[in-house]
Amino acid sequence: MAATDATSTADDFEEESISKWESLRLKTLAEQSYSSSDLKLAIKHAKRAHRLCPTLDGVSEMLTAFKILSAAENTTETTGTPDWYKIFEVEPFSDINLIKKQYKKLALILHPDKNKFVASEEAFKLVNEAFSVLSDKIRRKEYDMKLRIAIPDRGRGGGGSGSRR
């Protein structure tokens, strides 16, 4: 029985090292894809790397940065600015305390002094910009007003608005 346990442990160790190696390869591919301006592919590789080895140094932070950059790419048509709520991964018109909590979390993850990984500095700047808009009562009110106008427009443009009579 002891020989079986030793073999099993050796197989687990070998499988773990293969997963870590593959995760490192995928992380490198994610960095290269980002450098080539292919954010979608970079996210795909970073997600796979994170799934294989969640403890790999920097892969979680890189994935967070890529998701923020992706959210910022999708600007709202009416406001012409990034969807600041999506950057914080909160619902539109969320409470300021939830926004502050997300800001602190993301700022710690992405701060350039603590995180030298690809895209973190750019994502950190976006998080700061989003917080400056959503934490300022006047700017947030203006942004929310534009967003409220945009939301009904999205529903009408979807093709199936149902029958209202």
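Residues numbered from 1 in each chain as written. Predicted model: local features only at pLDDT ≥ 70, side-chain atom pairs only at ≥ 80, totals over all residues. Heavy atoms only, no water.

**Comments concerning the nonpolar core**
Inference 1: By size, the foremost hydrophobic cluster in this structure holds 35 residues, and its most contacted members are Phe 66, Ile 68, Trp 84, Ile 87, Phe 88, Val 127 and Leu 134.
Inference 2: Taken together, the elements giving at least two residues each to this core come down to helix 1 (2-35), helix 2 (39-52), helix 3 (59-73), helix 4 (84-87), helix 5 (96-110), helix 6 (120-135) and helix 7 (137-157).
Inference 3: In this view, Leu 134 contacts Trp 84, Tyr 85, Phe 88, Ile 96, Ile 99, Arg 140 and Tyr 143; residues no more than four positions away in its chain are not counted. (Core = buried A, V, L, I, M, F, W, Y, C linked by side-chain atoms within 4.5 Å. Buried < 20%, exposed > 50% of the residue type's maximum accessible area, 1.4 Å probe, protein only. Helix = DSSP H or I, 4+ residues; strand = E, 2+ residues; numbered from the N terminus. Contact = heavy atoms within 4.5 Å.)

**Structural notes on the packing of aromatic side chains**
Inference 1: This model, assessed by the stated rule, comprises 5 aromatic pairs.
Inference 2: Between Tyr 85 and Tyr 143 the ring centres are 5.9 Å apart and the planes differ by 40°, which places this aromatic pair in the tilted class. Separated by 58 residues along the polypeptide, Tyr 85 in helix 4 and Tyr 143 in helix 7 bring together distant segments of the chain. Each member of the pair, Tyr 85 as well as Tyr 143, carries the same accessibility label: buried.
Inference 3: Arranged with centres 6.5 Å apart and planes meeting at 75°, the rings of Phe 88 and Tyr 103 form a pair that is edge-to-face. Of this pair, Phe 88 sits in the loop between helix 4 and helix 5 while Tyr 103 sits in helix 5, and the two are 15 residues apart along the sequence.
Inference 4: Classification of Phe 88 by relative accessible area gives buried; the value is 0%. (Phe/Tyr/Trp six-rings, centres within 6.5 Å; stacked < 30°, edge-to-face > 60°.)

**Some points on the pattern of salt bridges**
Inference 1: For the coordinates displayed, the defined rule picks out 3 salt bridges.
Inference 2: A salt bridge links Arg 140 to Asp 144; the nearest nitrogen and oxygen atoms lie 3.5 Å apart. With Arg 140 and Asp 144 both in helix 7 and 4 residues apart, this pair spans about one turn of that helix. Residue Arg 140 shares its accessibility class with Asp 144, and that shared class is buried. (Salt bridge = Lys/Arg side-chain N within 4 Å of Asp/Glu carboxyl O.)

**As for a positive patch on the surface**
Inference 1: Among the surface-exposed residues, Lys 44, Lys 47, Arg 48, Arg 51 and Lys 67 lie close enough to one another that they form a single positively charged patch.
Inference 2: A per-element tally of the positive patch places helix 2 first, with 4 residues.
Inference 3: On the basis of relative accessible area, Lys 44 is assigned to the partly exposed category, the value being 47%. (Patch = residues over 30% accessible without salt bridge, like charges linked within 9 Å, V, L, I, M, F, W, Y side chains within 5 Å. Areas by Shrake-Rupley, 256 points an atom, 1.4 Å probe, with all protein chains shown as cover. Lys, Arg positive; Asp, Glu negative; His and termini not counted. Charge placed at Lys NZ, Arg CZ, Asp CG, Glu CD.)

**Here's the deal with the packing of helix 3 against helix 5**
Inference 1: Running from amino to carboxyl end, helix 3 crosses helix 5 at an angle of 120°, the nearest separation of the two axes being 10 Å. When the axis of helix 3 is compared with that of helix 5, the two are oblique. As helix 3 runs across helix 5, the sense of the crossing is left-handed. Residues Glu 61, Thr 64, Ala 65 and Ile 68 of helix 3 lie in contact with helix 5, whose contacting residues are Leu 106, Ile 109 and Leu 110.
Inference 2: Of the residues contributing to the contact of helix 3 with helix 5, the split by class is 5 nonpolar, 1 polar and 1 charged. (Axes fitted to C-alpha atoms, helices over the stretch in contact; angles between N-to-C directions. Parallel < 35°, antiparallel > 145°, perpendicular 65-115°, else oblique. Left-handed = near helix turned anticlockwise from the far one by under 90°. Nonpolar A, V, L, I, M, F, W, Y, C, P; charged D, E, K, R; others polar.)

**Details of the environment of Phe 117**
Inference 1: Relative to the helices and strands, Phe 117 resides in the loop between helix 5 and helix 6.
Inference 2: Phe 117 sits 86 residues away from Glu 31 along the chain, and the two C-alpha atoms are 8.8 Å apart.

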